[in-house]
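Residue-level structural notes
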Amino acid sequence: DGLHQAVEAKETVKVESETQTLATITLQNYFRMYRNLAGMTGTAVSEEGEFAHTYKMDVAVIPTHRKIRRVDDDDLIYKSQREKYNAIIEHVREVNESGMPTLIGTVSVEVSEKLSRLLQRAKISHSVLNAKQHEREAQIVREAGLLGAVTIATNMAGRGTDIKLGPGVVRCRAEGWDGKCCFACPKIDEGDHEVDEDMMPCGLHIVGTERHEARRIDRQLRGRSGRQGDPGYSIFFISLEDDLMRKFASERMANLMSKGFEEGEAMKHGIATRAIGSAQKKIEDIHFENRKRTLEYDDVMNKQRTAIYGLRRRILLGEEAIEDILFELVLEALAEEWPTFAGENPESRDIAGFFDWIRRHVPMIELDDLESASADDLDAWLDQIMERVGASYQKKIEFFDHAFAAEPRDDTPEDTRPDGRKIVDMLSRSVMLHVIDSNWRDHLLSVDEMKEGIHWQGVGQRNPLDEYRKEATYLYMELTYEIHKRVFEHAFRATLTAEPRRRTTGISYKKADAAAEAERQAQASQRAQQAQRAGSSDVGPDGAPIPKVPQKQATYRRDKPKVGPNDPCPCGSGRKFKKCHGAPGAKSRAPVA
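The numbers attached to residues start from 1 for each chain and follow its sequence in the written order. In keeping with the predicted nature of the model, local features appear solely for residues at pLDDT of at least 70, side-chain atom pairs appear and are counted solely at 80 or more, and the whole-chain, interface and lining totals rest on all residues. With hydrogens and water set aside, each side-chain value is computed from the structure's full complement of heavy atoms.

Quick look at the overall build of the protein chain
- Runs of E in the DSSP output that reach at least two residues are strands. Runs of H or I that reach at least four are helices, and both are numbered from the N terminus. Check the secondary structure of the protein chain and you find 16 helices and nine strands.
- A 1.4 Å probe rolled over the protein chains alone gives each residue an accessible area, and that area as a share of the maximum for its type sets the label: buried under 20%, exposed over 50%, partly exposed in between. When the 593 residues of the protein chain are sorted by exposure, 36% land in the buried category.
- Whether two residues are in contact is decided by their heavy atoms: any pair within 4.5 Å suffices. For the protein chain, contacts bridging at least 24 residues in sequence account for 66% of all contacts bridging at least 6.

See below:
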């Protein structure tokens, strides 16, 4: 869309022409090319509807090996981002004082750097894990589970690596355990122990700074804690100024917080958490519809892509005879071109013009003995023409056989010399591939241009997808017509041209150089004699005439003052000089007196 050219113009380099897409496919259709599909992920349940629709796959939930001890707390909702960030810093300070490690998840690098500045201001030691610290990523992840560690991470940073908890983080398993448990402690199942619900859970604490548009990403962030039966804790801090809340949160929630909540006070309730989850589901449905619509558009091209690539594969693999594929395309070309000469009734048929069109592209074809009356049965008549085309193809093979037999190459063994059939098949394959590729590129460009404006069909109360299918079908019919016609026009006239090779077998390089030097000396002597006969004495050492250097012209010096364009013309006409002798084309006039 011109973006590449804009960057080139900005960087003051040569602006190249816009590139063209040579092949395109969606990820969904790419995965559909596999015979079997399977996958494993921890967040597929929320997308099981899309898996069923797109890939016809079921989602099976495998229970965890050990019971999940992580506590997923309800969200804390604040009126402004300032209040939210202050609450996050206070919560991190409280967890850090208890010695528990903390992982703060952010949606972008900018947010991670902002939180880093706030933690520095609060004098809380921490590490930042984002795209700018990729070299220290392994070390930061290794230290993220130690006592008192605070780590800020973006969605992508550090993924795929378990955060191993350090010694003393799971306190109920440490020596000197006093028998008291937090409500996430695994020791609860081992007997009747005292449970202190006010005690902060041990393990890794996850702090989310914002809800994402997809529930999967939130679940991935929560899932970084509480692995393999370890205790853990997760909570999200949200403000009404976040993008998700501004777009999809209900006005009722905003009105409620604007009236009944004071500065810094948060709303925490399961109903609010479920409302945020429903907002996320709305966004997921919107994205799914977009992907579904993209797939529906690509399904149209996928059928065409399958047909064109299937034809190319048949030509490239060589499992079929090349002439069979060629004759198949030629027969289609003849059938598609015949309506141009058929006319409205048998009397208006231009069979002679049809035969002339065939003769222009198929040399050495015999069509004179074909009866025009047989054109009533079109299929049989075309079969007769194809027999003559096959005979012409065989004559071309025999021509190359005679050509290589008449001019044998001394440096080519007889058993490796190409025969006529190999040459003709190679030419036919090259022509077909070239025609298919060039026309397919043009077809993709036409489809892209048509797709850019197809949404305007909705203004006319028409379904853009239906119109796209219709227009793409018309373009594909034009594509196949062009492929058949161009293959027919070029395949039978394609031939080989080769430059004569120099035969230097048995001649050393020194002898060849000596012969060339002698030839140059003879040519120089001949040029010197020609120059002497012409009366020229300026001859170079190699006998070539020395060109004369032109003399420098004398500098013109004006003896009278220069006449300005608005001055009176010196000829005495009374007009300005630029209107008289100073006008364009006035050199042919009489000179100025």
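Details of the nonpolar core
- Membership of the largest hydrophobic core comes to 58 residues, with the highest contact counts inside it found for L334, F354, I358, I385 and F492.
- Counting residues per element, this core draws most heavily on helix α14 (residues 420-452), which supplies twelve residues.
- The residues touching F354, leaving out its near neighbours within four places in the chain, are L334, W338, F341, W381 and I385.
- Membership of the second largest hydrophobic core comes to 21 residues, among which are I88, L115, A122 and F237. By convention a nonpolar core is built from buried Ala, Val, Leu, Ile, Met, Phe, Trp, Tyr and Cys residues, the set being connected through side-chain atoms within 4.5 Å.

Digging into the pairing of strand β3 (residues 102-105)
- Burial of β3 is two-sided: the residues T102 and I104 facing one way and the residues L103 and G105 facing the other way are all buried.
- Bridge analysis of β3 against strand β8 (residues 204-208) gives four bridges, and the strand direction is parallel. Counted as the bridge partner of L103 is I206 from β8. Two strands make a pair as long as DSSP finds a minimum of two bridges between them.

Some remarks on the pattern of salt bridges
- Any Lys or Arg side-chain nitrogen found within 4 Å of a carboxyl oxygen on Asp or Glu counts as a salt bridge. The tally for this structure, following the rule as stated, stands at 25 salt bridges.
- A salt bridge links E47 to R216, with the nearest nitrogen and oxygen atoms 3.5 Å apart. Taken together, the positions of E47 in the loop between α2 (27-32) and α3 (48-55) and R216 in helix α7 (residues 215-222) put the pair 169 residues apart, joining distant regions of the chain.
- Taking the shortest distance from any N to any O, the salt bridge between R486 and E489 comes out at 2.8 Å. Taken as a pair, R486 and E489 lie in helix α15 (residues 464-491) at a separation of three residues, close to a single helical turn.

Focus: the confidence of the model for the protein chain
- What pLDDT reports is the predictor's confidence in each residue, on a scale of 0 through 100. In the predicted model, the protein chain carries a mean pLDDT of 79, and the fraction of residues at 70 or more is 78%.
- The low-confidence segment residues 588-593 (pLDDT under 50) makes ten contacts with residues lying over four places distant or belonging to another chain.

Side note on the environment of E11
- Structurally, E11 is set in the loop between α1 (3-10) and α2.
- Residue classification places E11 among the partly exposed residues on the basis of a relative accessible area of 43%.
- In this structure the side chain of E11 is engaged in a polar contact, spanning 3.1 Å, whose partner is the side chain of K10. Definition of a polar contact: a pair of N or O atoms within 3.5 Å, with one able to donate and the other able to accept a hydrogen when the atoms are protein atoms, and with sequence-neighbouring residues admitted only if both atoms are side-chain atoms.

Concerning the packing of helix α11 (residues 322-342) against α15
- Close contact between α11 and α15 brings their axes to 8 Å; oriented N to C, the two are set at 110 degrees. Judged on the interaxial angle alone, α15 and α11 are roughly perpendicular. The interaxial crossing formed by α11 with α15 has left-handed handedness. Touching L326, L329, V330, E332, A333, L334, E336 and E337 of α11 are T480, Y481, H484, K485, V487, F488 and A491, all from α15.
- Amino acid classes used here: Ala, Val, Leu, Ile, Met, Phe, Trp, Tyr, Cys and Pro are nonpolar; Asp, Glu, Lys and Arg are charged; the rest, including Gly, are polar. The class makeup of the residues in the contact of α11 with α15 is nine nonpolar, two polar and four charged. The axes are straight lines fitted to the C-alpha atoms, using for helices just the contacting stretch, and the angles between their N-to-C directions are given from 0 to 180°. Here is the rule for angles: anything less than 35 degrees is roughly parallel, anything more than 145 is roughly antiparallel, 65 through 115 is roughly perpendicular, and the remaining ranges are oblique. Two helices crossing with the near one rotated counterclockwise from the far one by less than a right angle form a left-handed crossing, whereas a clockwise rotation gives a right-handed crossing.

Thoughts on the packing of aromatic side chains
- Pairing of aromatic side chains here covers Phe, Tyr and the six-membered ring of Trp, requires ring centres within 6.5 Å, and sorts the geometry by plane angle: under 30 degrees stacked, over 60 edge-to-face, intermediate tilted. The full count for this structure, using the stated rule, is 19 aromatic pairs.
- Seen in terms of ring centroids, Y30 and F31 are 5.8 Å apart; in terms of plane orientation they differ by 55 degrees. Their pairing is tilted.
- The structure contains a cluster of three or more aromatic residues connected by ring pairs, namely F327, W338, F341, F354, F355, W357, W381, Y393, F488 and F492.
- Consider the ring centre and the ring normal. A charge sits over the ring if Lys NZ or Arg CZ is within 6 Å of that centre and within 35 degrees of that normal. Residue placement shows K84 over the ring face of Y85; its charged tip is 5.0 Å from the ring centre.

Notes on unusual backbone geometry
- Located in the positive-phi region is K56, a residue other than glycine, with phi close to 55 degrees.
- In this structure, K56 sits in the loop between α3 and β1 (69-72).

A word on a nonpolar patch on the surface
- Residues enter a patch when their relative accessible area is above 30% and they make no salt bridge; the linking distance is 9 Å between like charges and 5 Å between nonpolar side chains (Val, Leu, Ile, Met, Phe, Trp, Tyr). Areas reported as accessible are Shrake-Rupley estimates using a 1.4 Å probe. Residue values count occlusion only from the protein chains shown. Residues I25, L27, Y30, F31, M33, Y34 and L37 make up a contiguous nonpolar surface patch of roughly 680 Å² in combined accessible area.
- Tracing the backbone through its elements, the reader meets M33 in the loop between α2 and α3.

Regarding a negative patch on the surface
- Just so you know, the count uses Lys and Arg for positive and Asp and Glu for negative, and it drops His and the chain ends. Think of each charge as sitting on NZ of Lys, CZ of Arg, CG of Asp or CD of Glu. Among the surface-exposed residues, D1, E18, D448, E449 and E452 lie close enough to one another that they form a single negatively charged patch.
- You can call E452 exposed: its relative accessible area is 54%.

Observations concerning the side chain of E337
- Mapped onto the elements, E337 comes out in helix α11.
- Among buried charged residues, E337 stands out as having no salt bridge; its nearest opposite-charge side chain is K485, 4.6 Å away.
- One polar contact links E337 to Y481, side chain to side chain, over a distance of 2.9 Å.

Section: the state of the cysteines
- Note on terminology: pairs of cysteine sulfur atoms within 2.5 Å are recorded as disulfides. With the rule as written, the count across this model stands at zero disulfides.
- Among the cysteines around C571, which has no disulfide bond, C569 carries the closest sulfur, lying 3.4 Å off.
- Exposure remark for C571: the relative accessible area of 30% places this residue in the partly exposed category.
- Unpaired in terms of disulfides, C580 finds its nearest cysteine sulfur in C571, a separation of 3.6 Å.

Notes on the packing of α11 against helix α12 (residues 351-361)
- The interhelical angle for the contact between α11 and α12, taken along N-to-C directions, is 140 degrees, at an axis separation of 9 Å. When the interaxial angle is binned, α11 and α12 end up oblique. Crossing of α11 against α12: the hand is right-handed. Mapping the contact onto sequence places A333, L334, E337, W338 and F341 in α11 and I351, G353, F354, W357 and I358 in α12.

Looking at helix α4 (residues 81-98)
- Expected span, for any helix, means 1.5 Å times one less than how many residues it has. Helix length check: α4, at 18 residues, gives a terminal C-alpha distance of 26 Å against a target of 26 Å (1.5 Å per residue), a fit within 8%.
- Within α4, the full set of buried residues consists of E83, K84, Y85, A87, I88, I89, H91, V92 and V95.
- Taken together, the buried residues of α4 touch β2 (76-78), β3, α5 (109-121), β5 (150-153), β8 and β9 (231-239).
- With its phi angle positive at about 95 degrees, G99 sits one or two positions after the end of α4.

Quick look at the environment of E398
- With respect to the element layout, E398 can be found in helix α13 (residues 378-406).
- With a relative accessible area of 38%, E398 lands in the partly exposed category.
- As a C-alpha pair, E398 and G420 span 22 residues in sequence and 6.3 Å in three-dimensional space.

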